[in-house]
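# Chains, contacts and geometry: an overview
Here is how the chains run, residue by residue.
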Amino acid sequence: MKRVRKAVIPVAGLGTRFLPATKAMPKEMLTVVDRPVVQYAVDEALEAGIEHIVFVTGRNKHVIEDYFDIQPELLDTLTQSGKREQLASLQKMQLPAGAVSFTRQQAPHGLGHAVWCARDLVGDEPFALLLPDMVSFGKRGCLAGAMELYGQTGGNVIAVEQCDPTETNKYGIVGKGQDVGTGFAVTEMVEKPAPAVAPSNYYINGRYILQPEVFELLGTQERGAGNEIQLTDAMKRLAGSQPFHAHSFDGRMFDCGSKEGFIQANVAFALGRADIRDLVFGPIAEMIAAEERPAEAA
Ligand code: UTP
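Remember, predicted model here, so these are calculated numbers, not experimental data. (Residues numbered from 1 in each chain as written. Predicted model: local features only at pLDDT ≥ 70, side-chain atom pairs only at ≥ 80, totals over all residues. Heavy atoms only, no water.)

## Overview of the overall build of the protein
Scanning the protein from terminus to terminus reveals 11 helices and 13 strands. Once the C-alpha set of the protein is aligned to its principal axes, its extents read approximately 60 × 45 × 35 Å. When the 298 residues of the protein are sorted by exposure, 48% land in the buried category. Of the contacts made within the protein by residues no fewer than 6 positions apart, 75% connect residues no fewer than 24 positions apart. Accessible surface computed for the protein: about 15,400 Å², of which carbon and sulfur atoms make up 52%. Each charge class in the protein can be summarised by its mean position, and for the 29 positive and 37 negative side chains these summaries are 2 Å apart. (Helix = DSSP H or I, 4+ residues; strand = E, 2+ residues; numbered from the N terminus. Buried < 20%, exposed > 50% of the residue type's maximum accessible area, 1.4 Å probe, protein only. Contact = heavy atoms within 4.5 Å. Areas by Shrake-Rupley, 256 points an atom, 1.4 Å probe, with all protein chains shown as cover. Lys, Arg positive; Asp, Glu negative; His and termini not counted. Charge placed at Lys NZ, Arg CZ, Asp CG, Glu CD.)

And the structure:
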């Protein structure tokens with residue numbers, strides 16, 4: 001079984017659900033507490049043992065590349081002014097030289113197309129795929145658990161979570177087969193099934209481990225829903241010749257591509273941070289207790 005060394009992080013989408021905030025600012029750079037959303041995906045990948053990150057970027061996304069570069073003037077200024085804590089926060093997020101690559105998706109033809117754009121940088125080895133707008137919240141990152149299952153099963157692994165059974169029509173849903181290791185066999189994948197016909201309520205939550213054969217299938221994949229090249233369509237074809245297993249994530253994935261998911265993530269991460277929880281929520285609790293509520297929006 002080949003080791004999973006590389007992770008693909010596609011960041012070329014237009015972020016239309018979060019307009020106008022994402023008109024000039026990539027949605028992957030919106031901050032959850034004090035880190036951009038994309039940093040959470042990188043940290044999760046590193047925690048899972050990934051050694052090389054491949055970003056698939058697009059126009060207006062160069063700020064993501066700058067973010068992962070070093071900023072000598074900033075480092076010098078922080079050093080000279082003795083701002084050690086801030087300096088440490090930058091050093092901590094610095095990826096080693098050569099451990100990150102960038103390629104461009106010239107037009108947003110869909111997630112499947114974005115993944116296909118990474119084919120030469122990934123090469124002939126299994127890889128992890130992380131959708132960065134999905135931010136993992138839990139004791140351990142979602143990808144680390146998926147990697148554990150991959151160590152038991154090989155093949156392809158999809159991370160899943162359970163959704164409200166009445167909302168299966170919002171997600172990619174998998175069918176549940178027999179338990180295998182820490183996960184279960186995937187019997188089918190269905191895009192947005194109506195609750196009455198959904199094979200389960202396990203939805204695909206944005207973390208995958210895929211075999212390189214998926215690239216060939218993506219290269220010949222016809223456009224599907226939304227006239228985009230859909231990753232799920234290629235995975236379904238791959239499932240005809242290779243096993244797929246599901247890792248059921250025991251934390252919670254926040255969809256930071258949506259306004260409600262983004263706000264929930266900010267609240268959850270802020271509550272989880274001892275250094276700011278009381279600073280933020282103490283005054284708000286007091287304000288509400290004193291009924292000094294801000295005027296209702298018109
Ligand atoms: P989404 O569907 O959530 O991204 O794709 P989007 O298209 O930007 O979102 P909306 O619906 O318009 O708000 C999940 C991930 O895949 C990337 C996105 O950047 C996001 O990180 N993606 C999507 C691409 O890189 N290229 C694409 O063509 C589509």
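## What about the pattern of salt bridges?
Across all of its chains, the model carries 17 salt bridges by this definition. Put simply, Glu125 and Lys6 hold a salt bridge, and the shortest N to O gap is 3.7 Å. Pair noted here: Glu125 is in the loop between helix 6 (119-122) and strand 6 (127-130) and Lys6 is in strand 1 (residues 6-10), with a separation of 119 residues, a long-range link. The pair Glu125 / Lys6 is uniform in exposure class, with both members buried. A salt bridge links Asp133 to Arg17; the nearest nitrogen and oxygen atoms lie 3.8 Å apart. Residue Asp133 is found in the loop between strand 6 and strand 7 (134-137), and its partner Arg17 is found in the loop between strand 1 and strand 2 (31-32); the two are separated by 116 residues along the sequence. Given a relative accessible area of 45%, Arg17 falls into the partly exposed group. What you see here is one network of salt bridges that share partners, running through Arg3, Arg5, Lys6, Glu51 and Glu125. (Salt bridge = Lys/Arg side-chain N within 4 Å of Asp/Glu carboxyl O.)

## Things to note about the packing of aromatic side chains
Any aromatic ring pair is given by two values, namely how distant the centres are and how the planes are angled relative to each other. One pass over the structure, following the stated rule, counts 10 aromatic pairs. For the pair Phe55 and Phe102, a centre-to-centre distance of 5.2 Å together with 15° between the ring planes defines the contact as stacked. Of this pair, Phe55 sits in strand 4 (residues 52-57) while Phe102 sits in strand 5 (residues 100-104); the two residues are 47 residues apart in sequence, bridging distant segments of the chain. The class of Phe55 is buried, set by a relative accessible area of 0%. Taken together through their ring pairs, the aromatic side chains of Tyr40, Phe137, Phe254 and Phe269 make up a single cluster. Stacked on the ring of Tyr40, the Lys or Arg Arg35 has its end atom at 4.0 Å from the ring centre. Seen from the ring of Phe184, Lys176 lies directly overhead, with NZ or CZ sitting 5.0 Å from the centre. (Phe/Tyr/Trp six-rings, centres within 6.5 Å; stacked < 30°, edge-to-face > 60°. Lys NZ or Arg CZ within 6 Å of the ring centre and 35° of its normal.)

## Quick look at the nonpolar core
Counting 37 residues, the largest nonpolar core has Phe127, Leu129, Ile158, Val174, Tyr208, Leu210 and Met235 as the members making the most contacts within it. When sequence neighbours within four positions are dropped, the list of residues in contact with Phe127 reads Val4, Lys6, Val8, Val115, Val122, Tyr208, Ile209, Leu210, Gln211, Val214 and Phe215. Membership of the second largest hydrophobic core comes to 28 residues, among which are Ala48, Ile50, Ala146 and Met147. (Core = buried A, V, L, I, M, F, W, Y, C linked by side-chain atoms within 4.5 Å.)

## A short note on the pairing of strand 9 (residues 172-180)
Bridge count between strand 9 and strand 10 (residues 183-191): six bridges; the pairing is antiparallel. Each bridged residue has a counterpart across the sheet, and for Val174 the counterpart in strand 10 is Met189. By the bridge criterion, two bridges tie strand 9 to strand 11 (residues 202-210) in an arrangement that is antiparallel. Along strand 11, the bridge assignment pairs Val174 with Tyr202. (Pairing = 2+ DSSP bridges.)

## A closer look at a nonpolar patch on the surface
On the surface, Leu279, Val280, Ile284 and Ile288 cluster together to form a nonpolar patch covering roughly 350 Å² of accessible area. Counting through the fold element by element, Val280 comes out in helix 11 (residues 274-289). Residue Val280 is classed as partly exposed on the basis of its relative accessible area, which comes to 34%. (Patch = residues over 30% accessible without salt bridge, like charges linked within 9 Å, V, L, I, M, F, W, Y side chains within 5 Å.)

## A word on the packing of helix 3 (residues 72-80) against helix 4 (residues 84-93)
At a closest axis distance of 8 Å, the pairing of helix 3 and helix 4 adopts a crossing angle of 145°. Between helix 3 and helix 4 lies a crossing of left-handed hand. The segment helix 3 lies against helix 4, with Leu74, Leu75, Leu78 and Thr79 engaging Gln86, Leu87 and Leu90. Partitioning the contact of helix 3 with helix 4 into residue classes produces five nonpolar, two polar and no charged. (Axes fitted to C-alpha atoms, helices over the stretch in contact; angles between N-to-C directions. Left-handed = near helix turned anticlockwise from the far one by under 90°. Nonpolar A, V, L, I, M, F, W, Y, C, P; charged D, E, K, R; others polar.)

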